[in-house]
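# Summary of structural features
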Amino acid sequence: MSTEEMRERLKNGGRVSAQEALWLWKNASDERLRELAQVVRSRFHEPEACTYMLMRIINYTNVCVAQCDYCAFYTLPGAADGYVLSKQQVFAKIDELIDLGGDLVGFNGGFNPQLTLEYYCDLFHAVRERYQDRIEFYALTIAEFMYLADHGKLDYVRTAQRLKDAGVRWVTGGGSEILTEDFRQRHSKFKYTVAQYFEAQRALVETGLKTSATMVIGFDETIEERIEHLERTRQFQDEVGGLGSFLCWTFKPYFTPLGDALGQIEISTSEYLRHLALSRIYLDNVPRIRTSVLTQNERALEGLLYGADDFDLPIEDEVTQKAGATISLQFDRILGFARSLGYQPVYRSMALKRTAPLPVT
Ligand code: SF4
């Protein structure tokens, strides 16, 4: 096995196997990984091109019954600090985002047994009615989507169709962390099984909703588990398609039971960057590989050198902030860092009819 041979193969449109990915992880230098990642990146993007979005996650409820041990955000039903945001609170958050120049909202909360499909349809219908095509939003992560369907005793296709009828166009693949059954049993056994996850992804694609792939690293997962996650994602894309992008971020361990058990240690940025490169090399059928400013701050932009081509500038995400993530609103500085690395960041608007001023460039 040699990186030179792999480079030639990738240049000719070939791909690497799971075994080769493992070998690369263990043996390839940073420079070699970057080089291979750039070969696959160049199939989709010009060398200096990259895009970004200004967005906010709206954490509409923190009540959750899933009890993942890596979570610092949730509270159980009946707890005094549980909340559900009102429509007015949601609108105020969206208005603030628009004022800052953003146009993408992500709804992400907990598995709240009090909230029915009717609640969600009503909320998303109200958001679509008020903002029309001036913003885009992803309504829930796929994890919440599955809970909603299961809790309401509906199948995934019918649930997806109901959301679509309410004005939803997009559900993210968020909440996937590491997609191995073993990982799910270790840390998140009430959330979903891997088989359910991909069944739900398929239902979203078949209903005509947009979806995406995500991943979180830095728990106690093995390298083999990371590669299994990538393999399952690539396989799904080969068979079903519909994954427009892949976003990987890193576990923030603070104030979480798992973080306590692991000694509150975050993985290094260099490990994250190597993983981004491996993801770009392996996920040769996903056009957009995104790097996480939310968990890596401006150093995430180095991910562009490792094969990424897109990033968010988030203004809020309580889930990761509660576990230690810090958010900067100094967009100029962050974008300037991308430019200093030789990239030309261009705003990527998800809204069909953008009216908000473009953010700083
Ligand atoms: S990660 Fe999500 S599903 Fe898991 S406990 Fe936290 S809010 Fe609930």
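Our structure is the block above this text.
Residues numbered from 1 in each chain as written. Predicted model: local features only at pLDDT ≥ 70, side-chain atom pairs only at ≥ 80, totals over all residues.

### Quick word on the overall build of the protein chain
Note the cut-off: By the criteria applied, helices consist of DSSP H or I runs no shorter than four residues and strands consist of E runs no shorter than two, each listed in order from the N terminus. Buried means a residue has 20 or more other C-beta atoms within 10 Å of its own C-beta, exposed means 12 or fewer, and partly exposed covers the counts in between; C-beta atoms are placed from the backbone. Residues are treated as contacting if the C-beta atoms built from their backbones sit within 7 Å of each other.
A tally of helices and strands in the protein chain yields 15 helices and 8 strands. Principal-axis analysis of the C-alpha atoms places the extent of the protein chain at approximately 55 × 45 × 40 Å. The buried share among the 361 residues of the protein chain stands at 47%. Sequence separation of at least 24 residues holds for 81% of the intrachain contacts in the protein chain that already meet a minimum separation of 6.

### A closer look at the nonpolar core
For clarity, the cut-off: In these notes, a nonpolar core means any group of buried Ala, Val, Leu, Ile, Met, Phe, Trp, Tyr and Cys residues linked to one another through C-beta atoms within 7 Å.
In this structure, Val105, Ala139 and Val171 are the most contacted members of the largest nonpolar core, which totals 106 residues. If we skip the residues at most four places from it in the chain, Ala139 touches Phe107, Phe124, Leu163, Val168, Trp170 and Val171.

### Concerning the environment of Ser245
In this structure, Ser245 sits in strand 5 (residues 243–250). With 45 residues separating them along the chain, Ser245 and Arg290 place their C-alpha atoms 7.1 Å apart. Not counting the four nearest positions on each side in its chain, Ser245 is found in contact with Ser212, Val286, Arg288, Arg290 and Asp310.

### What to know about the environment of Gly324
One can find Gly324 in the loop between helix 14 (318–322) and helix 15 (331–340). Each C-alpha atom of the pair Gly324 and Arg288 lies 27 Å from the other, and the pair is 36 residues apart in sequence. In contact with Gly324, not counting residues within four places along its chain, are Lys252 and Tyr254.

### Section: unusual backbone geometry
Of note, the phi angle at Gln67 is positive, near 55°, even though the residue is not glycine. Within the fold, Gln67 resides in the loop between strand 1 (49–58) and helix 4 (87–100). The exposure class of Gln67 is partly exposed, given the 16 C-beta atoms found within 10 Å. For Asn297, which is not glycine, the phi torsion reads 50° and is therefore positive.

### Describing the packing of helix 5 (residues 117–131) against helix 7 (residues 156–165)
For the record, the criterion: Interaxial angles span 0 to 180 degrees and are taken between N-to-C directions of axes, which are lines fitted to C-alpha atoms, for helices over the stretch in contact. When describing relative orientation, an angle under 35 degrees is termed roughly parallel and one over 145 degrees roughly antiparallel, while 65 to 115 degrees is termed roughly perpendicular and anything else oblique. Side-chain classes are defined by residue name, with Ala, Val, Leu, Ile, Met, Phe, Trp, Tyr, Cys and Pro counting as nonpolar, Asp, Glu, Lys and Arg as charged, and the others, Gly among them, as polar.
At a minimum axis distance of 8 Å, the contact between helix 5 and helix 7 shows a crossing angle of 30°. As the angle between them shows, helix 5 and helix 7 are arranged roughly parallel. Across the interface between the two elements, Leu117, Tyr120, Cys121 and Phe124 of helix 5 pack against Thr159, Arg162 and Leu163 of helix 7. Here the residues of the contact of helix 5 with helix 7 sort into 5 nonpolar, 1 polar and 1 charged.

### Side note on the pairing of strand 5
Side-chain positions along a regular strand alternate between the two faces of the sheet. Under the convention used in this document: Here a strand pair is declared whenever DSSP counts at least two bridges between the two strands. By convention, a crossover is right-handed whenever its connection, traced from the first strand over the helix to the second and viewed with the strands pointing away, goes clockwise.
Within strand 5, 6 of the 8 residues are buried, which leaves it mostly tucked inside the rest of the structure. With 6 bridges joining them, strand 4 (residues 211–217) and strand 5 adopt parallel strand pairing. Across the sheet, the residue bridging to Ile217 is Thr250, located in strand 5. Read as a crossover between parallel neighbours, the route from strand 4 over helix 10 (residues 223–239) to strand 5 is right-handed.

### So, helix 10
The following threshold applies: The length a helix should cover is 1.5 Å for every residue beyond the first.
In this model, helix 10 (17 residues) spans 24 Å end to end at C-alpha, consistent with the 24 Å of a helix rising 1.5 Å per residue. Listing the buried residues of helix 10 in full gives Arg226, Ile227, Glu228, His229, Leu230, Thr233, Arg234 and Phe236. If you follow the buried residues of helix 10, they end up packed against helix 2 (18–27), helix 9 (194–207), strand 4, strand 5 and helix 12 (269–282). Once helix 10 ends, the next one or two residues include Gly241, with phi positive near 80°.

### Re the packing of helix 3 (residues 30–41) against helix 12
Using the following cut-off: Handedness of each helix crossing follows the sense of rotation of the near helix against the far helix: counterclockwise by less than a right angle gives left-handed, clockwise gives right-handed.
Interhelical geometry of helix 3 versus helix 12 gives an angle of 35° and a closest axis separation of 8 Å. Here the hand of the crossing between helix 3 and helix 12 comes out left-handed. The segment helix 3 lies against helix 12, with Asp30, Leu33, Arg34, Leu36, Ala37, Val40 and Arg41 engaging Arg274, Ala277, Leu278, Arg280 and Ile281. Taken together, the residues that form the contact of helix 3 with helix 12 break down as 7 nonpolar, no polar and 5 charged.

### Digging into the environment of Met1
Tracing the backbone shows Met1 in the segment before helix 1 (3–11). For the pair formed by Met1 and Val194, sequence separation is 193 residues and the distance between their alpha carbons is 31 Å. Leaving out residues up to four positions away in the same chain, Met1 has contacts with Glu20 and Trp23.

### Focus: the pairing of strand 7 (residues 310–314)
By the criterion of burial, strand 7 is predominantly enclosed, with 5 of the 5 residues buried. A two-sided burial pattern is seen for strand 7, the buried positions comprising Asp310, Asp312 and Pro314 on one face and Phe311 and Leu313 on the other. Pairing between strand 1 and strand 7: 5 bridges, direction parallel. The partner of Leu54 across the bridge, within strand 7, is Leu313. Of the pairings in the sheet, the one linking strand 6 (residues 288–291) to strand 7 comprises 2 bridges and is parallel in character. What sits directly across from Thr291, in strand 7, is Phe311.

Nothing here speaks to function; it is geometry throughout.
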